[in-house]
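# Architecture at a glance
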Amino acid sequence: MKPKVAFYWCASCGGCEEAVVDLAQDVLAVTEAVEIVFWPVALDFKREDLDAFADGELAAAFINGAVRTSEQEEMAELLRRKAGAVVAFGSCACHGGIPGLANLYSREEILQCVYRDAPSLANPEGATPQLETDMPEGHLSLPAFYDDVRALDQVIDVDYYLPGCAPPTDLIRAAVMALVEGRLPPKGSVLAPDVALCSECQHAASKPQTPLIRGFKRPHELLPDPDVCLLTQGLICLGPATRAGCGAACISANMPCSGCMGPMSRVVDHGAKALSAIASLIDSTEAPEIAARAGEIPDPVGTFYRYGLPASLLHRRVYAAHANGGPQR
Ligand code: SF4
Ligand code: SF4
């Protein structure tokens, strides 16, 4: 009998689901090896289908997306009960991901922007979603929109982590086959190499070893030399602080690494590590000059915590208005 597996999405853009489809002909090998019993994005599965399985009956659940709503929390808990192993699939599930940048704002600020201030709105009454609403047609209910975004392991126990935005297909294939063949590493493992991206980058030889950065540039401000380390050219490349496994795909397209594979195992806070790695290469010993150079970096949180604010030591922006944010857990 084939192992049963589930795929599910929480606060997700759909790119991780696309990555499964991107297995192309390999997806056939995957479906040969496992029985996909729950994949609502691709096939018409319902919550009741999942309820019908015994606890622990599924071999694994691959869950992508961060957790923002009560429905996502409930589904994550249900999948945890039904599956022997839970794999946090993609940067959002592993670290909070792009949706986690919403932790820079309170729940109220987000609702204000989306339902009252957005220029394209037609909402004269300023109505916002309610948990319970009585209508002539019947009673309506919506999931609670929590005050913060969480990574999957901030909600349920997670067995394995498959990072990337979206995870590289080679790593997905290897993870599924390891599951099928019973070769999974110890619980808590990240299913990607535990070395920095620079180690698999074609520009490793020209990576700066000593401080040399005199200013930072954004990708649209220069045409990079395709044969030289992007960091050397002043582009903020997070390769020195980010886990390998993607084959340096972005670098091959002359785009600096933005950190989607997350940190290596020894790193406590990915953003702080990346900031430290970049700051140590600024060519100055004068504090005001270093501060001025660092001040040139646009959107520091979006640069250094783009994929991992919820899982970081910061987790979210905290300020007085936050106390009135809405449904708390
Ligand atoms: S990890 Fe990237 S591709 Fe996957 S859901 Fe999040 S934003 Fe989308
Ligand atoms: S800093 Fe970026 S471009 Fe330079 S070697 Fe590392 S990954 Fe490659």
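First, a word on what this report is: a plain description of the structure on this page. All values reported here derive from a predicted model rather than from experimental measurement.

### A short note on the overall build of the protein chain
Across its full length, the protein chain holds 11 helices and nine strands. Each principal axis of the C-alpha distribution contributes one length, and for the protein chain these read about 65 × 55 × 30 Å. The buried share of the protein chain, taken over its 329 residues, is 47%. Counting only contacts in the protein chain whose residues sit at least 6 apart along the sequence, the fraction spanning at least 24 positions is 75%. Total accessible area on the protein chain is roughly 16,100 Å²; 56% of this is exposed by carbon and sulfur atoms.

### Regarding empty space enclosed by the protein
Gaps between atoms show up when a probe of the same size as a water molecule is rolled over them. This structure, assessed with the given rule, holds four cavities of 30 Å³ or more. The computed volume of the largest cavity comes to approximately 100 Å³. C198, C201, C229, C237 and I251 are the residues nearest the centre of the largest cavity, which is lined by 13 residues in total. When its residues are assigned to classes, the lining of the largest cavity shows 10 nonpolar, two polar and one charged.

### Focus on the site of ligand 2
In the vicinity of ligand 2, the residues found are C198, C201, H203, A204, K207, C229, L230, L231, C237, G239, P240 and I251. Within the shell around ligand 2, the residues separate by chemical class into nine nonpolar, two polar and one charged.

### Structural notes on the pairing of strand 7 (residues 138-141)
Here four bridges tie strand 6 (residues 132-135) to strand 7, and the two strands are oriented antiparallel to one another. Across the sheet, the residue bridging to T133 is L140, located in strand 7. Counted between consecutive antiparallel strands, the loop separating strand 6 from strand 7 contains two residues.

### Some details on the environment of R317
Assignment of secondary structure puts R317 in the segment after helix 11 (300-304). The class of R317 is partly exposed, set by a relative accessible area of 42%. Apart from the residues lying within four places of it in its own chain, the contact partners of R317 are N103 and L104. Among the polar contacts listed, one links the side chain of R317 to the backbone oxygen of L104, at a separation of 3.4 Å.

### As for the pattern of salt bridges
Per the stated rule, a full pass over the model turns up 19 salt bridges. A salt bridge links D44 to K46, with the shortest nitrogen-to-oxygen separation between them at 2.8 Å. The salt bridge partner of D55 is R81, with a shortest N-O separation of 3.9 Å. Taken together, the positions of D55 in the loop between helix 3 (47-51) and strand 3 (58-64) and R81 in helix 4 (residues 70-82) put the pair 26 residues apart, joining distant regions of the chain. The network of salt bridges with shared partners includes R80, D157, D159 and K187.

### Points about the packing of aromatic side chains
Tallied over the entire structure, the rule returns five aromatic pairs. On the basis of an interplanar angle of 20° and a centroid distance of 5.1 Å, the ring pair of F7 and F62 is categorised as stacked. Highlighted residues: F7 in strand 1 (residues 4-9) and F62 in strand 3, separated in sequence by 55 residues. On the accessibility criterion, F7 (5% relative accessible area) is buried. On the basis of an interplanar angle of 80° and a centroid distance of 6.2 Å, the ring pair of F62 and F89 is categorised as edge-to-face. One end of the pair, F62, is in strand 3; the other, F89, is in strand 5 (residues 83-89), and 27 residues separate them in sequence. When sorted by exposure, F62 lands in the same class as F89, which is buried. Ring-pair connections join several aromatic residues into one group, and the members of that group are F7, W39, F62 and F89.

### Structural notes on the sheet that holds strand 3
Strand order in the open sheet formed by five strands is 2-1-3-5-9, with parallel pairing between adjacent strands. On the outer flanks of this sheet lie strand 2 (35-38) and strand 9 (160-162), each paired with one strand and no other. Recorded for the sheet is a direction-independent mean angle of 30° between the axes of neighbouring strands. Bridge count between strand 3 and strand 5: six bridges; the pairing is parallel. Each bridged residue has a counterpart across the sheet, and for L58 the counterpart in strand 5 is A83.

Cut-offs used in this document
Residues numbered from 1 in each chain as written. Chains lettered and ligands numbered in written order. Predicted model: local features only at pLDDT ≥ 70, side-chain atom pairs only at ≥ 80, totals over all residues. Heavy atoms only, no water. Helix = DSSP H or I, 4+ residues; strand = E, 2+ residues; numbered from the N terminus. Buried < 20%, exposed > 50% of the residue type's maximum accessible area, 1.4 Å probe, protein only. Contact = heavy atoms within 4.5 Å. Areas by Shrake-Rupley, 256 points an atom, 1.4 Å probe, with all protein chains shown as cover. 1 Å grid on protein atoms, 1.4 Å probe; cavity = no way out; pocket = protein on both sides within 12 Å on 5 of 7 lines; lining within 4 Å. Points joined across faces, edges and corners; volume = space filled by probe spheres on them. Nonpolar A, V, L, I, M, F, W, Y, C, P; charged D, E, K, R; others polar. Near = heavy atom within 4 Å. Pairing = 2+ DSSP bridges. Polar contact = N/O pair within 3.5 Å; in protein donor to acceptor, adjacent residues only side chain to side chain. Salt bridge = Lys/Arg side-chain N within 4 Å of Asp/Glu carboxyl O. Phe/Tyr/Trp six-rings, centres within 6.5 Å; stacked < 30°, edge-to-face > 60°. Axes fitted to C-alpha atoms, helices over the stretch in contact; angles between N-to-C directions.

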